[in-house]
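# Structure assessment
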Amino acid sequence: VVWVFFQNFVPSFGKETVRTTAVTPQFEQNMDYVDFIHLNILEKKVLNNSEVSVQYLCSKPCIVNLEAVASSEFRTGVPVYRRRWKDEKNLYISRTRQVHLKFPSIMVYRDDYIIRNSIVVHSVILYAWISHKSVSSYDVEQNEDYQNAVAKNYTFLEAVPPFERPFKDHKVCLQWGADYLWMLQANRIPQCPHESDGVQILNFIYASSGEKTGIVKKFEQFENRELETVRQHQIDYPMFTVSIWLYLLHHCEKDLCGILYFIDPKEMYSTPAVFLNEEGYVHIQMHLMRGDDLAVKTSFSLPLKQWFRLDLSFKGGQVEVSSVGKNLKRHHHQSFTFREDFYYDDTAGYFVVGGSGYVNGIEAFFGPVKYYRLNVLETEQISNPLHDKETVEQIELYYERCMDIQEIVYEYRYIVRQGEKVQRNCYYESYYLELIHKYGEKSKCDAFMWGKELREKYHTLFKLLQEMDFSAPDVLEDGSDTVLEVGQRIFEKVAKSLSSADGLSNMGSSVPLLVDSSCCGYHKASYFLAVIFETGLGVSVDRTKGLLYSLVGAQGNERLAVMNLGYKHYQGINNYPLDLELSYAYYSNIATKTSLDQHTIKGEQAFVETIRLMDDELLKAQTKENGDVFMWLKHEASRGNAAAQQRLAQMLFWGQQGVAKNPEAAIEWYAKGAIETEDPVLIYDYAIVLFKGQGVKKNTKLALELMKKAAAKGLPQAVNGLGWYYHNFKKDYRKAAEHWLIAEELGNPDASYNLGVLYLDGIHPGVPGRNQTVAARYFYKAAQGGHIEGTLRCSLYYITGNMEDFPRDPEKAVIWAKHIAEKNGYLGHVMRKALNAYLELSWHEALLHYVLAAETGIEVSQSNLAHICEERPDLARKYLATDCVWRYYNFSVSQVNAPSFAYLKMGDFYYYGYQNQSKDLELSIRMYAQAALEGDSQGFFNLALVMEEGNSIPSYILDHLEIDQALHSSNTSLLQELYYRCWNNSNQESISPCSLALLYFYMRVFWNNILQSTLIYFMGTFLLSILVAFAVQHFQSLSARNSPGTRSEPLSDEPSSSGNSNEDATRLVQPDESTFSNDLSQQDSNLQNPLVMS
């Protein structure tokens, strides 16, 4: 309504005046009378029925015009009142006429049940003029009539704020319900949404590794109606500014690399698309109004290894590009003018910072990114500072130091290799020298060409280089590979030292070596350093260095470092800001790699297994190649047991259950099982290996025969495999679709995904063109079945919000991508090393690797680490600066898949307080309730005990537990429900603490009911009567003995009954008191688990 109201605004401001401006045609300049018009208003405010006195004089038949024009912040010139009258008789006579102004209700009244949206008007101008017009020209437009007026005048009217206006009497009677609803909000003053067109796309440093992943941002329409009106008017004439801080490490290796670009709903590049090319120039592509796309390239290149700000402003068809240094001084500037204006709607699509599925990102660190949606700003006007200056400086210092280290390593290796060449020429002349070279001490450089200052600065590096053998064949001629190889050797030496029996005590001397390894480009060392400094593992906690090495490791594509950053931004912990889009950028990177890593049998990978250290059965099932479990499986497999062959092959192929990864041995068992046992699963597995050539030579013919054989036995994945064969080898999409439809009906998630690919690529038989909607549905079905690529596709739909069936949900996108990333084999390898070390009682190695795994955010390692710290508190206190138990149980309960025992642990900590942590009864109850929701009977038991101690459970927690408060209004009823659920969730086949607690509760209720009944009064009266009768009889017998004439015997040998009873009572009370005090001391000594059932 407001937009329609203001769409005809025309600028019409002038000076305020009450003087008459006479405009007389030249042929009438000699007349004695001059036309004039005056306006007199007592109260110059925009009020309904405001009275205006119009004084005027006409020398000819005239038309008198009044018109009110309203103005707002964004529009001017909207006519809101118009009045005209003719005067043909009263010539040469000054006349006065009273006029009542009537304005639209939304300008002069407050909002009510009928007037829903009153408008804010900044000013109103009242125009008055006289025109000598005939009757036939009475309806001439205002602009033309006003410009030709013989006399004109205007004055300003002050607008009344909306909440100072009166309510309008609509002369209508509302229904009771409508009137009541209105009265509830009549005096409520709504708060206008505080919005700015300046949006901070990125607040924190983002480590871009150059992969096809980046930060996805989507913008909605403004809530503020005026800002939204401006945005819509600027779609065909855009005006916006983008400011990006960058620290470039390399220019683009090939083609173009993404810096920032916009993707429209059709998944096409739109305005703007900013890339970096191979030479370091900025490539800017724009989408024009007529549908064309044009690109320009800057004449200046972006600098490497220094912080700078790239500012881009867009106005109509013009682009301004500037490069600004840390001191905010402009280094470069260039302007471009396109042949027509750009088309730009920032709500119809999404922004990407870095890489995506369409283009690789740049290898760089992104600093703050600011986006002004509606304004074009100069460099000096942009407010986008580098906030974390300490981290920014640390990044610069790190790469300066690493340049020195890489140069030293390269030159040292060159000198040693040159010396070897000289010596090698002598070997052919002397057999003795050749033997010395072969079996003697390896060549090293003792005569340094570097200065004393440099040698002292990097003394650990020089010492290590002297110990290395550069004649080894695995050291390549290429310098960069040599530097990386040196970094790997340094790391392996340090890792071996830290994994020894007392390895963590060597942490102080290991850190400099890890820094050197990191600088050589081996970023496993970078992640080690990040964890060491963030957790204080053997050193003091240093958050800045921890962040530095996390960013460096993530930029270097170290999988665990990337996951660490994704997890910290997902939870918003350790001074990392909560940023779901940034978290998704990291997690999606590793999720994509997880799919690729599973098809690569090389590298330090192992299957990610959920093995908890509290689960004795799973721990007993762990084995090695010489373990009992493995040897028994091998024995059974050699006897032709298909299940044993299948399990043995899986353990060897994926590295499961403690067995080292051995694809070659696994393939032998796959082949043996496929040929001997006719097991369809083994036949299928062997066929897949032959198709892909994983660890064996490809044999498509034999693989196809085996796949058909397995499919004939009704194996769903084999039917899907045949479809895969026809799709990839024969390009027969009809047969592929037929097999996939059959497999999909059998519940195979791979088939669902493959059908989705057919629809996405537009090659499904009988379906013209691409159908992304149907493809997305198949991907979702595959994801529900655990398919990795399907889950990854769905997470992308949730982060972009570009699909109709997938409304944008960044949190769900992160959860799905995290789920896939945590299946990565490199993470599984670290977890396996930690578990093996624990089973071998190598505590230092177990603590080190569990910390490394836990900091990536995987829950099972977090709870396992907390368990180790409980089991070995001396080790945790000595080597970890953080409170290990509290930190990692706390991390565990923040996860989506947290175990119930972690909730119980945190509930106990909050209930009794834990070390420096204060008590919090409500949080304790929430933890117990969450454990109860997970189906843990202990959770219900603890909630009941909390109530037994006189505490109440908040109503919202009862709602969460789906306990009807109307049915359980009393404490007794609520306790009964909790104990019943405790019993219902426990093992009902045996006597459990919950069953005993429920029985005891029923007995108490029964006894209380008896005490409150009339029967107790009858019983009490009866017993009292018997006691009185017995007492009377006793005293009568005593008086008979002591009567006159009878000598009483002394009773000194018999203690008094009263004294005896008192002593007995004292003796009986003492055990109870001691038991009570023992119970208290037991509770105090068992704060770790105060509410237990046993």
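These numbers were taken from a predicted model, which means no experiment stands behind them.

With that out of the way, let us pick up the sheet that holds strand S13 (residues 257–263). Judged by pairing direction, the sheet is antiparallel, and its six strands sit side by side in the order S11-S20-S13-S14-S15-S16 without closing on themselves. Of all the strands in the sheet, the pair left with one neighbour each is strand S11 (214–217) and strand S16 (293–301). Sheet twist, expressed as the mean angle between neighbouring strand axes with direction ignored, is 10 degrees. Two elements, strand S15 (residues 281–287) and S16, share six bridges in a ladder whose sense is antiparallel. Within S16, the residue paired with His287 across the bridge is Asp293.

Inspection of the entire model under this criterion finds five disulfides. Between the sulfur atoms of Cys402 and its disulfide mate Cys519 the distance is 2.0 Å. Taking the sign of the S-S torsion, -65 degrees for the link of Cys402 and Cys519, the bridge is left-handed. Taken together, the residues Cys402 in helix H6 (residues 389–427) and Cys519 in helix H11 (residues 507–519) connect sequence positions 117 residues apart.

The next subject is unusual backbone geometry. Put simply, Thr271 and Pro272 share a cis peptide bond, and its omega is -10 degrees. Among the structural elements, Pro272 can be located in strand S14 (residues 269–276). Despite not being glycine, Glu267 shows a phi value in the positive range, around 60 degrees. Following the sequence through the fold, Glu267 ends up in the loop between S13 and S14. Of note in the backbone geometry, Leu841 takes a positive phi value of approximately 60 degrees without being a glycine.

On to the packing of aromatic side chains. Aromatic ring pairs: the centre-centre distance and the angle between the two ring planes describe each pair. Under the criterion given, the structure shown has 53 aromatic pairs. Both rings, one in Tyr725 and one in Tyr726, keep their centres 5.4 Å apart while their planes meet at 70 degrees; by these two values the pair is edge-to-face. Accessibility assignment for this pair places Tyr725 and Tyr726 in one class, buried. Arranged with centres 5.2 Å apart and planes meeting at 70 degrees, the rings of Tyr798 and Phe806 form a pair that is edge-to-face. Residue Tyr798 is classed as buried on the basis of its relative accessible area of 7%. Among the aromatic side chains, those forming a connected cluster through ring pairs are Phe219, Phe240, Phe262, Phe314, Tyr344, Phe351 and Tyr371. The ring of Trp85 has Arg97 lying over it, and the distance from NZ or CZ to the ring centre is 4.6 Å.

Turning to the sheet that holds strand S6 (residues 95–101), a few remarks are in order. In spatial order, the strands read S2-S3-S6; together these three strands make up an open sheet with antiparallel pairing. Every interior strand has two partners, whereas the edge strands, strand S2 (36–41) and S6, have only one. On average, adjacent strands in this sheet sit at an angle of 25 degrees to one another, irrespective of strand direction. Here S2 pairs with strand S3 (residues 50–57) via six bridges, running antiparallel.

Mapped onto the secondary structure, Ser595 falls in helix H15 (residues 580–598). Looking at Ser595, the relative accessible area reads 9%, which means it is buried. Considered as a pair, Ser595 and Ile820 are 225 residues apart in the sequence and their alpha carbons are 8.4 Å apart. The residues touching Ser595, leaving out its near neighbours within four places in the chain, are Ile788 and Glu789.

What follows covers the environment of Asn641. By secondary structure assignment, the location of Asn641 is in the loop between helix H17 (628–638) and helix H18 (642–654). Using a relative accessible area of 30% as the deciding quantity, one classes Asn641 as partly exposed. Each C-alpha atom of the pair Asn641 and Thr677 lies 7.6 Å from the other, and the pair is 36 residues apart in sequence.

Moving on to helix H13 (residues 543–555). Taking 1.5 Å of rise per residue, the 13 residues of H13 would be expected to cover 18 Å, and the 18 Å separating its terminal C-alpha atoms lies within 8% of that figure. Within the sequence span of H13, burial applies to Thr544, Gly546, Leu547, Leu548, Tyr549, Ser550, Leu551, Val552, Gly553, Ala554 and Gln555. N-capping of H13 is provided by Asp542, with a side-chain oxygen placed 3.3 Å from the backbone N of Thr544. Asn557 sits one or two residues past H13 and shows a positive phi near 70 degrees.

This brings us to the pattern of salt bridges. Using the criterion set out here, one finds 32 salt bridges in the structure. Across the pair Arg489 and Glu485 runs a salt bridge, and its minimum N-O distance is 3.4 Å. With Arg489 and Glu485 both in helix H10 (residues 479–498), this residue pair falls four residues apart, about one helical turn. Taking relative accessible area as the criterion, Glu485 reaches 16% and is therefore assigned buried.

What counts and how
Residues numbered from 1 in each chain as written. Predicted model: local features only at pLDDT ≥ 70, side-chain atom pairs only at ≥ 80, totals over all residues. Heavy atoms only, no water. Pairing = 2+ DSSP bridges. Helix = DSSP H or I, 4+ residues; strand = E, 2+ residues; numbered from the N terminus. Axes fitted to C-alpha atoms, helices over the stretch in contact; angles between N-to-C directions. Disulfide = S-S within 2.5 Å. Phe/Tyr/Trp six-rings, centres within 6.5 Å; stacked < 30°, edge-to-face > 60°. Buried < 20%, exposed > 50% of the residue type's maximum accessible area, 1.4 Å probe, protein only. Lys NZ or Arg CZ within 6 Å of the ring centre and 35° of its normal. Contact = heavy atoms within 4.5 Å. Expected span 1.5 Å × (residues − 1). Polar contact = N/O pair within 3.5 Å; in protein donor to acceptor, adjacent residues only side chain to side chain. Salt bridge = Lys/Arg side-chain N within 4 Å of Asp/Glu carboxyl O.

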